[in-house]
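Overview (structure and organization)
Residue strings, one per chain:
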Amino acid sequence: MEKEMPGYDLVIDLVGLVKEYEAKKADHQRLVLSDFAQWLSSKHVSPLSQIEQPLEWKLFELLGLMARFSNIYLKEAFTASPLSSIRDFGLMAILQQQGSMTMIALIKEAMMEKPTGMEVIKRLIKQGMIATMPNPEDKRSKLIKLTDEGAEVLAATYPTLGSVAHVVRGNLTKEEQITFIRLLEKLSQHHLQQLSLKQN
């Protein structure tokens, strides 16, 4: 008896799935691999009927839960750091990428409320992580810049945050991470546009 080729059963299953997918498409619709992959992925997700809450509420709940998980891991990570929180790191990282900025521009870029942002900036100035300098374009305001000490602390913090990122991504595969990132990017762009409309 001739030995079957490895993966033969998988090919048979795949052909069956393609036929099932094709039957669900309208006659005039062209079969696209990316659409088929998305449909195939949805077959392995828990049926919507098993989700008791409205979908938007479930999404809101899970995003909030992920934020709390992240905050727990970040709190542990910053225990041995001169920085107090991810907000400190965020402001300093923006200054490292964009150079000197006004306080208002920095707070806006970090998407923080003004009182909170000012409090963080004052603390970082006191710690020597950032410093003020004259604004050549407007003598009434000052610019904020990252100090050499702040740059050193920032560089030392990246490996720690890398470890946190590894923990937070949990048991997601590379493909699942890519899908999740694309969905979050889409959602983030939507909210950035909404906030921009409100501010204008």
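For the structure, check the block above.
These remarks concern the structure in this document. Not measured: the values here are computed from a predicted model.

1. Focus on the overall build of the chain
- Helix and strand counts for the chain come out as eight helices and three strands.
- Tracing the chain from N to C terminus, the helices and strands come up as α-α-α-α-β-α-α-β-β-α-α.
- Within the chain, buried positions represent 20% of all 200 residues.
- Taking as baseline every contact in the chain between residues at least 6 positions apart, the subset at least 24 positions apart corresponds to 47%.
- Accessible surface, the chain as shown: approximately 15,700 Å² in total, 58% of it carbon and sulfur.

2. Digging into helix α3 (residues 55-77)
- With 23 residues, α3 should cover 33 Å at 1.5 Å per step; its first-to-last C-alpha distance of 33 Å lies within 8% of that length.
- All of the buried residues in α3 are S70, L74 and A77.
- Those residues of α3 that are buried are in contact with α4 (86-98) and α7 (148-168).

3. Considerations on the sheet that holds strand β2 (residues 130-134)
- Pairing in this open sheet of three strands is antiparallel, and the strands run β1-β3-β2 from one edge to the other. One side of each edge strand has no neighbouring strand; the edge strands of this open sheet are β1 (101-102) and β2.
- In this sheet, strand β3 (residues 142-146) lies alongside β1 in antiparallel orientation, the contact comprising two bridges. Counterpart to M101 in the pairing with β3 is I144.

4. Considering the packing of aromatic side chains
- Scanning all chains against the criterion turns up two aromatic pairs.
- Between W57 and F60 the ring centres are 6.4 Å apart and the planes differ by 85 degrees, which places this aromatic pair in the edge-to-face class. Taken together, the residues span about one helical turn, with W57 and F60 both in helix α3 at a distance of three residues. Here W57 matches F60 in class, with each residue exposed.
- Considering the side-chain rings of F89 and Y158, the 5.2 Å spacing of their centres and the 80 degrees angle between planes classify their relative orientation as edge-to-face. Highlighted residues: F89 in helix α4 and Y158 in helix α7, separated in sequence by 69 residues.
- Look at F89 and you get buried, because its relative accessible area is 10%.
- Take Y158: its relative accessible area is 37%, and that puts it in the partly exposed class.

5. Side note on the nonpolar core
- Judged by nonpolar contacts, the single largest core of 25 residues is most densely connected at L83, M92, L106, L124 and I130.
- Those elements that place two or more of their residues in this core are α3, α4, α5 (103-109), α6 (114-127), β3 and α7.
- Here the element with the most residues in this core is α4; it accounts for six residues.
- The contacts of L83, once residues within four sequence positions are left out, are F78, D88, F89, M92, L124, M129, V153 and T157.

What counts as what
- Residues numbered from 1 in each chain as written.
- Predicted model: local features only at pLDDT ≥ 70, side-chain atom pairs only at ≥ 80, totals over all residues.
- Heavy atoms only, no water.
- Helix = DSSP H or I, 4+ residues; strand = E, 2+ residues; numbered from the N terminus.
- Buried < 20%, exposed > 50% of the residue type's maximum accessible area, 1.4 Å probe, protein only.
- Contact = heavy atoms within 4.5 Å.
- Areas by Shrake-Rupley, 256 points an atom, 1.4 Å probe, with all protein chains shown as cover.
- Expected span 1.5 Å × (residues − 1).
- Pairing = 2+ DSSP bridges.
- Phe/Tyr/Trp six-rings, centres within 6.5 Å; stacked < 30°, edge-to-face > 60°.
- Core = buried A, V, L, I, M, F, W, Y, C linked by side-chain atoms within 4.5 Å.

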